[in-house]
Amino acid sequence: MNQERREHLASLFETIAALERKIANEWNSLNELGFSKSHILILEFLANEGPKRPSAIAEHLKVTTGGVTVLTTKLLKSGFIEKTQNENDRRASQITITNAGMDVLEQSREQVNALVTHLFGMLTDEEINSLRRIFKKCAEQK
(Lines give C-alpha, C1' and ligand atoms only; values in the text may rest on other atoms or scores of the structure.)
Protein backbone atom coordinates (compact mmCIF):
# COMPACT_ATOMS: atom_id res chain seq x y z
CA MET A 1 0.00 0.00 0.00
CA ASN A 2 1.43 3.36 -0.98
CA GLN A 3 1.86 6.24 1.46
CA GLU A 4 -0.94 8.40 0.01
CA ARG A 5 -3.49 5.58 0.32
CA ARG A 6 -2.31 4.85 3.87
CA GLU A 7 -2.83 8.53 4.79
CA HIS A 8 -6.29 8.59 3.20
CA LEU A 9 -7.31 5.46 5.12
CA ALA A 10 -5.95 6.88 8.39
CA SER A 11 -7.94 10.06 7.79
CA LEU A 12 -11.04 7.99 7.01
CA PHE A 13 -10.57 6.10 10.28
CA GLU A 14 -10.40 9.37 12.21
CA THR A 15 -13.51 10.66 10.45
CA ILE A 16 -15.46 7.47 11.18
CA ALA A 17 -14.42 7.61 14.85
CA ALA A 18 -15.56 11.24 15.07
CA LEU A 19 -18.89 10.35 13.42
CA GLU A 20 -19.38 7.43 15.82
CA ARG A 21 -18.86 9.77 18.79
CA LYS A 22 -21.23 12.32 17.29
CA ILE A 23 -23.92 9.69 16.69
CA ALA A 24 -23.53 8.38 20.25
CA ASN A 25 -23.73 11.89 21.71
CA GLU A 26 -26.76 12.81 19.59
CA TRP A 27 -28.49 9.52 20.47
CA ASN A 28 -27.88 10.11 24.17
CA SER A 29 -29.27 13.64 23.98
CA LEU A 30 -32.39 12.59 22.02
CA ASN A 31 -32.98 9.26 23.75
CA GLU A 32 -35.96 9.75 26.02
CA LEU A 33 -36.69 6.01 26.24
CA GLY A 34 -33.51 4.91 28.00
CA PHE A 35 -32.70 2.12 25.55
CA SER A 36 -29.57 1.61 23.50
CA LYS A 37 -29.51 1.42 19.72
CA SER A 38 -29.09 -2.35 20.10
CA HIS A 39 -32.32 -2.60 22.10
CA ILE A 40 -34.14 -0.72 19.36
CA LEU A 41 -32.58 -2.93 16.67
CA ILE A 42 -33.86 -6.02 18.49
CA LEU A 43 -37.40 -4.60 18.63
CA GLU A 44 -37.19 -3.61 14.95
CA PHE A 45 -35.96 -7.09 13.96
CA LEU A 46 -38.75 -8.81 15.89
CA ALA A 47 -41.39 -6.44 14.51
CA ASN A 48 -40.23 -7.10 10.93
CA GLU A 49 -39.40 -10.80 11.15
CA GLY A 50 -41.69 -12.19 13.84
CA PRO A 51 -40.67 -14.40 16.77
CA LYS A 52 -37.01 -15.38 16.73
CA ARG A 53 -34.64 -17.55 18.70
CA PRO A 54 -31.89 -15.72 20.59
CA SER A 55 -29.30 -17.21 18.23
CA ALA A 56 -31.05 -15.62 15.22
CA ILE A 57 -31.05 -12.26 17.00
CA ALA A 58 -27.36 -12.66 17.82
CA GLU A 59 -26.55 -13.45 14.21
CA HIS A 60 -28.58 -10.47 12.97
CA LEU A 61 -26.91 -8.03 15.39
CA LYS A 62 -23.46 -9.62 15.02
CA VAL A 63 -23.17 -10.19 18.78
CA THR A 64 -22.88 -13.28 20.96
CA THR A 65 -25.88 -15.09 22.40
CA GLY A 66 -24.62 -13.90 25.80
CA GLY A 67 -24.86 -10.35 24.50
CA VAL A 68 -28.44 -11.02 23.41
CA THR A 69 -29.24 -12.29 26.90
CA VAL A 70 -27.97 -9.06 28.44
CA LEU A 71 -29.89 -6.92 25.94
CA THR A 72 -33.14 -8.87 26.15
CA THR A 73 -33.20 -8.89 29.96
CA LYS A 74 -33.98 -5.15 30.05
CA LEU A 75 -36.62 -5.52 27.32
CA LEU A 76 -38.21 -8.48 29.14
CA LYS A 77 -38.35 -6.60 32.47
CA SER A 78 -39.93 -3.62 30.70
CA GLY A 79 -42.58 -5.84 29.10
CA PHE A 80 -41.51 -5.00 25.54
CA ILE A 81 -40.72 -8.60 24.59
CA GLU A 82 -41.82 -12.02 25.75
CA LYS A 83 -39.79 -15.20 25.89
CA THR A 84 -41.63 -18.46 25.26
CA GLN A 85 -40.51 -22.07 25.06
CA ASN A 86 -40.73 -23.88 21.75
CA GLU A 87 -43.50 -26.47 21.97
CA ASN A 88 -41.47 -29.06 20.04
CA ASP A 89 -38.15 -28.47 21.81
CA ARG A 90 -38.47 -27.22 25.40
CA ARG A 91 -34.77 -26.27 25.44
CA ALA A 92 -35.33 -23.75 22.65
CA SER A 93 -36.93 -20.41 23.37
CA GLN A 94 -38.39 -17.78 21.10
CA ILE A 95 -38.58 -14.06 21.67
CA THR A 96 -41.60 -12.06 20.54
CA ILE A 97 -42.28 -8.34 20.58
CA THR A 98 -45.31 -7.30 22.65
CA ASN A 99 -47.87 -4.57 21.93
CA ALA A 100 -46.04 -2.37 24.43
CA GLY A 101 -42.84 -3.13 22.52
CA MET A 102 -44.50 -2.03 19.29
CA ASP A 103 -45.53 1.23 20.96
CA VAL A 104 -42.02 1.97 22.23
CA LEU A 105 -40.60 0.98 18.84
CA GLU A 106 -42.79 3.59 17.16
CA GLN A 107 -41.53 6.21 19.62
CA SER A 108 -37.94 5.16 18.97
CA ARG A 109 -38.47 5.38 15.20
CA GLU A 110 -39.36 9.04 15.67
CA GLN A 111 -36.15 9.58 17.65
CA VAL A 112 -34.07 7.72 15.06
CA ASN A 113 -35.64 9.76 12.25
CA ALA A 114 -34.82 12.98 14.09
CA LEU A 115 -31.23 11.82 14.65
CA VAL A 116 -30.67 10.70 11.07
CA THR A 117 -32.26 13.86 9.69
CA HIS A 118 -30.06 15.99 11.92
CA LEU A 119 -26.88 14.13 10.97
CA PHE A 120 -27.49 13.47 7.28
CA GLY A 121 -30.35 15.77 6.25
CA MET A 122 -28.05 18.12 4.37
CA LEU A 123 -27.09 15.37 1.92
CA THR A 124 -28.81 14.96 -1.42
CA ASP A 125 -30.77 11.78 -2.13
CA GLU A 126 -27.93 10.65 -4.40
CA GLU A 127 -25.36 11.22 -1.65
CA ILE A 128 -27.50 9.37 0.88
CA ASN A 129 -27.87 6.38 -1.46
CA SER A 130 -24.14 6.37 -2.20
CA LEU A 131 -23.26 6.58 1.49
CA ARG A 132 -25.74 3.79 2.33
CA ARG A 133 -24.24 1.55 -0.37
CA ILE A 134 -20.70 2.27 0.86
CA PHE A 135 -21.61 1.61 4.50
CA LYS A 136 -23.42 -1.59 3.54
CA LYS A 137 -20.45 -2.77 1.47
CA CYS A 138 -18.09 -2.12 4.37
CA ALA A 139 -20.43 -3.80 6.89
CA GLU A 140 -20.69 -6.93 4.73
CA GLN A 141 -16.90 -7.18 4.20
CA LYS A 142 -15.50 -10.29 5.83
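Rules behind the numbers
Residues numbered from 1 in each chain as written. Predicted model: local features only at pLDDT ≥ 70, side-chain atom pairs only at ≥ 80, totals over all residues. Heavy atoms only, no water. Helix = DSSP H or I, 4+ residues; strand = E, 2+ residues; numbered from the N terminus. Buried < 20%, exposed > 50% of the residue type's maximum accessible area, 1.4 Å probe, protein only. Polar contact = N/O pair within 3.5 Å; in protein donor to acceptor, adjacent residues only side chain to side chain. Expected span 1.5 Å × (residues − 1). Patch = residues over 30% accessible without salt bridge, like charges linked within 9 Å, V, L, I, M, F, W, Y side chains within 5 Å. Areas by Shrake-Rupley, 256 points an atom, 1.4 Å probe, with all protein chains shown as cover. Salt bridge = Lys/Arg side-chain N within 4 Å of Asp/Glu carboxyl O. Core = buried A, V, L, I, M, F, W, Y, C linked by side-chain atoms within 4.5 Å. Contact = heavy atoms within 4.5 Å. 1 Å grid on protein atoms, 1.4 Å probe; cavity = no way out; pocket = protein on both sides within 12 Å on 5 of 7 lines; lining within 4 Å. Points joined across faces, edges and corners; volume = space filled by probe spheres on them. Nonpolar A, V, L, I, M, F, W, Y, C, P; charged D, E, K, R; others polar. Phe/Tyr/Trp six-rings, centres within 6.5 Å; stacked < 30°, edge-to-face > 60°. Lys NZ or Arg CZ within 6 Å of the ring centre and 35° of its normal. Axes fitted to C-alpha atoms, helices over the stretch in contact; angles between N-to-C directions. Parallel < 35°, antiparallel > 145°, perpendicular 65-115°, else oblique. Left-handed = near helix turned anticlockwise from the far one by under 90°.

Draft legend 1. Focus on the side chain of N31. If you trace the backbone, N31 turns up in the loop between α1 (3–30) and α2 (37–49). By relative accessible area, N31 is classed as buried at 18%. At 3.0 Å, the side chain of N31 forms a polar contact with the backbone nitrogen of L33. In this structure the side chain of N31 is engaged in a polar contact, spanning 2.6 Å, whose partner is the backbone oxygen of F35.

Draft legend 2. Summary view of the environment of K37. Of note, K37 is situated in helix α2. A sequence separation of ten residues divides K37 from W27, and the C-alpha atoms of the two residues are 8.2 Å apart.

Draft legend 3. Highlighting α1. For α1, which comprises 28 residues, the first-to-last C-alpha distance of 40 Å matches the rise-based estimate of 40 Å (1.5 Å per residue) to within 8%. Where α1 starts, the residue carrying a side-chain oxygen 3.2 Å from the main-chain nitrogen of E4 turns out to be N2.

Draft legend 4. Geometry of a nonpolar patch on the surface. Residues M1, L9, L12 and I16 make up a contiguous nonpolar surface patch of roughly 390 Å² in combined accessible area. With respect to the helices, strands and loops of the structure, I16 is situated in helix α1. Residue class for I16 comes out partly exposed when judged on its relative accessible area of 40%.

Draft legend 5. Inspection of the nonpolar core at higher detail. In this structure, I42, L43, L46, I57 and L75 are the most contacted members of the largest nonpolar core, which totals 22 residues. Looking at this core, the elements with two or more residues in it are α2, α3 (54–61), α4 (65–77), β2 (93–97) and α5 (99–120). I57 has contacts with I42, F45, L46, K52, V68 and I95, leaving out every residue within four places of it along the chain.

Draft legend 6. View of the layout of surface pockets. In this structure, the largest pocket encloses a volume near 1,500 Å³. Along the walls of the largest pocket sit 36 residues, with I23, F120, F135, K136 and A139 positioned nearest its centre. For the lining of the largest pocket, the secondary-structure elements that each account for two or more residues are α1, α2, α3, α5 and α6 (125–140). Looking at the lining of the largest pocket residue by residue, the classes come out as 23 nonpolar, four polar and nine charged.

Draft legend 7. Region of the structure containing the packing of aromatic side chains. Counting across every chain of the model gives one aromatic pair. Between F35 and F80, the ring centres sit 5.4 Å apart and the planes meet at 70°, which makes this aromatic pair edge-to-face. One end of the pair, F35, is in the loop between α1 and α2; the other, F80, is in the loop between α4 and β1 (81–85), and 45 residues separate them in sequence. With respect to burial, F35 and F80 carry one shared label: buried. Above the plane of the ring of F35 lies K74, whose end atom (NZ or CZ) is 5.0 Å from the centre.

Draft legend 8. Just the packing of α2 against α3, in detail. Put simply, α2 and α3 touch, their axes get as near as 11 Å, and they point 120° apart. When the axes of α2 and α3 are compared, the pair comes out oblique. The crossing of α2 and α3 is right-handed. Facing S38, L41, I42, F45 and L46 of α2, the residues of α3 in contact are A56, I57, H60 and L61. Partitioning the contact of α2 with α3 into residue classes produces seven nonpolar, two polar and no charged.

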